[in-house]
Amino acid sequence: MTTLARPTQLVSSEGAGTFIREKGVYLALGALVIFNLIATPNFASLRNVQLQLVQVSPVVIVALGMALVIGSEGIDLSVGATMALAASMVSLFVDRSPWMAIGMALVAGVVAGLLNGSLVAFLGIQPIVATLGLFVAGRGVALAFTNGRLVEIFDPTLEALGRERLLGIPISAVIAVILAIAIAVVVRRTSFGRNIIAIGGNRRAAVGAGLPVRPVIVSVYIICGVLAALAGVLVTSRSAASDPSFVGLLIELSAITAVVVGGTPLTGGRVRVLGTVAGALLMQLVFSTLIRHDLSDSDARMVQAAIIVAAVYFQRDRGAR
Amino acid sequence: MVTLVSRNTQPALQAVGLTKRFPGVTALDSVSIDFHAGEVHAVVGENGAGKSTLIKLINGVYRADEGTLILDGSPVEFAGPREAWEAGISTTFQEINLQPFLSVAQNLHLGREPTRRFGFVDVRRMNTDATELLARYGISIDVRKPLGSVGVAIQQMIAIVRAVSTDAKVVILDEPTSSLEPNEVEQLFRVIRILRDDNVALLYVSHTMDEIFEICDQVSVLRDGSLVHTGPVSDITRLQLVATMLGREAREVRTSGKTAFNIEGRSPGSEPILSASGLTRFRLLSDVSLDVSAGEVVGLAGLLGSGRTETVESIFGLIDLDSGTVTMNGSSVKAGSPTTSVQRGIGLLPEDRNADGIVPTMSVRDNITLAANRSVAKWGFVSRAKVNNLVNHYVERLQIKLTDVNQSVAELSGGNQQKVLLARLLCFEPEVVLLDEPTRGIDVGAKAEIQGLIDELALDGLAVILISSELEDVVEGSNRVLVLRDGAVVGALVGDQISEESVMDIIADVKVDSAVST
């Protein structure tokens, strides 16, 4: 039968493109680390590693949620605005109790996700448009809550969250690692994870198989919103200030880049959790390397843009059915 | 007859030996048809017969691999649709391709608006011209209104008028009535008759027998890419036409053994397990009722667009019904929810395997167990052992040929993908399966295997509703056959009544005593 011949033929016709798509992010990350070990003074110092980890953690956390959303054939542009909302919640409630502040920040994340998810799942609005609303409005609401000002935060618990370390590893990095493992388990081992991939891969098929398509989509956006809110809390506690104008600004771009560079196609139907973490680390390292070697911030952004285009280029075959 | 007057002149458009190949398939194989001015020429055929390929060759979307088009006696070759249009070949598509927010008059003049000095559009002249033009075809509406605000039928006619107002010699009407109501169809026919009298050659694609016999002068039948009949409509009966489309000799005696089906030994239960009654959906279904018992295969027969797919989709909950109920084991199934249907034990094998079935980014394994979350997962966590058991069981039972269960499902052949989808259905242990074209687009061997499997399912006590465009599947595989036409059940056949001949009689609306027994 011809049925057995086809698979081998397909595998042999792909080759290099597939390899770069699957492993490219790890290769690039490894190469960049080696380059820095040789060319950048003090790169391997504890202080520098800790700094890099603290800076990358919020991006990793946001990107994990973004990976689930993109896997479901969606996108969430409102993560930065959600971080700002969370930051404003912290400043509003921190006087009562730090735990209440964190709780209310996460509630803001749930509400944001519920709003986005409902627009996408029940009203059938395209994800990019549905989340654009909160992208625009969210930061405005956050500014209204804080009267548009930076609010300094003096709270020992929150301060500890931002500054303490566990065995030398910053708490925020520990949280990011735990979440990455949790999301990986969700994707690989749970029916919820399989449903996300089925919906992203072929929504009509998912409907036909009787999967709870709408609840799953809403849940995915809620998870993304909560993770963004958590990232907002971590950023706020690290800087000991709530600044809705700047918290999470442009993070949606970093998160989407991390997801795509990590091998998750924008067309959905696949989620690469480890790739997403590697993607976030890669972008962080690219940026800090360029800055350390005296390139301007704007030059660094151009390099970032080039990497995104390259990553999407290597994924273009994926979307073809 | 009107037609005879123009017959001695040369054809307005001649297709000579048109052949079009796509990778792996010859979509159109050496087709020659003459289209005369002043005639409505029907082009009919089932899905995949080559109608749309023929149209696209004529209107310049495709280039023929072999053969020529002769327009008014001279060979033509079009680089694209625009050239065909400029040469006088206009197409109105199923979906109306006009601008809903522009006015009726603007739509009629799109791309060639009358202008005054400095290039300003002469709105007044445009509106008077449009009003006059439409009046010729018996349409009187306010041409200043946005197109989107007038009815679909009017929009359709405006599309046609726009087509002919560019001095079209040939007008292609691709299923022009598919979105029209009966009285609107009459209006459209009036326009078509005016065009015919104006010596336009009309090419009319439709699935509806009534329309062909009412409005068309000539009919050409395509099947599997070849022209199998061409001639005056008055020389062919409805039954002959249906038989030609389906590739059967009219009055062909039932011959058994074309398929692998064997309905001997089936013992359908006496009580229906699933009953649908009065399924009605505007323009799609009217008052369709059917029931199916455990161990029984009920076949749905009918031409394309007769409502077969819509019937099973509405039972499954993919189509919202205007009215009608579905009950399963005596209790009603919540309408409009595939999730509930699956929970109640109803499974659907979709007609379009790629668009509605396969998840191309997932492995064979995950595709098979897609709908089986409840049996393989506990507290939301999927058990690998249970998944492997299930997958191995069905890969073996359905003889799915693969190199590894973790390979991408997109790498499998059509027949094996179809088996994967069947396995997905069986995984959640349904009581009723709705199979929409289970044997379409797969090779002969896989076809026989799937037919044999459907037998097994019935023997195991599943209730099966079977749709197939292959008449022999329905005839030889079913215990009962319901025939649909225009969204309604028009006949029911049981046991010995079932034959290709009797099914075709009902489809073609030939009154035979034994056939009409609903």
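**Examining the overall build of chain B**
For chain B, the count of helices and strands is 19 helices and 22 strands. Based on the C-alpha atoms only, the size of chain B along its principal axes is roughly 80 × 55 × 45 Å. In chain B, which comprises 518 residues, the proportion classed as buried is 50%. For chain B, contacts bridging at least 24 residues in sequence account for 68% of all contacts bridging at least 6.

**Points about the interface of chain B and chain A**
Across the boundary between the two partners, chain B contributes 32 residues, which contact 26 residues of chain A. For the side of chain B that touches chain A, the secondary-structure elements that each account for two or more residues are helix H11 (338-344), helix H12 (353-356), strand E18 (381-382) and helix H16 (414-427) of chain B. Per element, the largest residue contribution to the side of chain B that touches chain A is five residues, and it comes from H11(B). Split by residue class, the side of chain B that touches chain A holds 15 nonpolar, twelve polar and five charged.

**Concerning the sheet that holds strand E14 (residues 323-328) of chain B**
All names here are of chain B. Taken together, the four strands give an open sheet; going across it, the order is E12-E11-E14-E15, and neighbouring strands pair in antiparallel fashion. Of all strands in the sheet, those with a lone pairing partner are strand E12 (285-293) and strand E15 (331-332), marking the two edges. One ladder, built from five bridges, connects strand E11 (residues 272-281) with E14; its direction is antiparallel. Note on E14: the bridge partner recorded for Ala276 is Val326. Contacting E11, E12 and E14, helix H10 (residues 308-316) runs over the sheet at an angle of about 110° to E11.

**Looking at the domain arrangement of chain B**
Quite often, the size of an interface is put as the accessible area lost when its parts meet. Residue and element names in this part refer to chain B. Assigned domains within chain B: domain 1 (2-236), domain 2 (254-345 + 430-518) and domain 3 (355-428). Computed from C-alpha atoms alone, the centre-to-centre distance between domain 1 and domain 2 is 36 Å. With four residues of domain 1 in contact, the opposing surface of domain 2 contributes six residues. Residue composition of the side of domain 1 that touches domain 2, grouped by class: one nonpolar, two polar and one charged.

**Comments concerning unusual backbone geometry**
Peptide bonds are, in most cases, trans, and in most cases residues other than glycine have a negative phi. With a phi close to 65°, A:Asn42 is a non-glycine residue in the positive phi region. Relative to the assigned elements, A:Asn42 resides in the loop between helix H2 (16-39) and helix H3 (46-71). For A:Asn42, a count of 9 C-beta atoms within 10 Å translates into the label exposed. Non-glycine residue B:Asp287 carries a positive phi angle of around 55°. The topology assignment puts B:Asp287 in strand E12.

**Quick look at the pairing of strand E9 (residues 218-223) of chain B**
Residue and element names in this part refer to chain B. With respect to burial, E9 is a largely interior element, five of its six residues being buried. Examined bridge by bridge, strand E3 (residues 40-44) and E9 share four bridges and lie parallel to one another. Paired with His41 across the bridge in E9 is Gln218. Between E9 and strand E10 (residues 226-232), which follow one another and run antiparallel, lie two residues, and Asp224 among them has a positive phi close to 50°.

**Some details on the packing of H3(A) against helix H13 (residues 273-292) of chain A**
Residues and elements named next belong to chain A. Here H3 crosses H13 at 140°, and the two axes come no closer than 9 Å. Taken together, the axis directions place H3 and H13 in an arrangement best described as oblique. Our pair here, H3 against H13, has a crossing hand that is right-handed. Together, Gln52, Gln55, Val56, Val59, Val60, Ala63, Leu64 and Ala67 of H3 and Val273, Thr276, Val277, Gly279, Ala280, Leu281, Gln284 and Ser288 of H13 make up the contact between the two elements.

**Some thoughts on the nonpolar core**
Membership of the largest hydrophobic core comes to 254 residues, with the highest contact counts inside it found for A:Val62, A:Ala63, A:Met66, A:Met83, B:Val171, B:Leu434 and B:Val464. With 18 residues, helix H11 (residues 213-239) of chain A is the largest single contributor of residues to this core. Excluding residues that lie within four positions of it along the chain, B:Leu434 makes contacts with B:Val312, B:Ile315, B:Phe316, B:Ile346, B:Gly347, B:Leu348, B:Leu349 and B:Ile465.

Reading the values: rules and limits
Residues numbered from 1 in each chain as written. Chains lettered and ligands numbered in written order. Predicted model: local features only at pLDDT ≥ 70, side-chain atom pairs only at ≥ 80, totals over all residues. Helix = DSSP H or I, 4+ residues; strand = E, 2+ residues; numbered from the N terminus. Buried ≥ 20, exposed ≤ 12 C-beta atoms within 10 Å, placed from the backbone. Contact = placed C-beta atoms within 7 Å. Nonpolar A, V, L, I, M, F, W, Y, C, P; charged D, E, K, R; others polar. Pairing = 2+ DSSP bridges. Axes fitted to C-alpha atoms, helices over the stretch in contact; angles between N-to-C directions. Domains from an automatic or database assignment. Parallel < 35°, antiparallel > 145°, perpendicular 65-115°, else oblique. Left-handed = near helix turned anticlockwise from the far one by under 90°. Core = buried A, V, L, I, M, F, W, Y, C linked by C-beta atoms within 7 Å.

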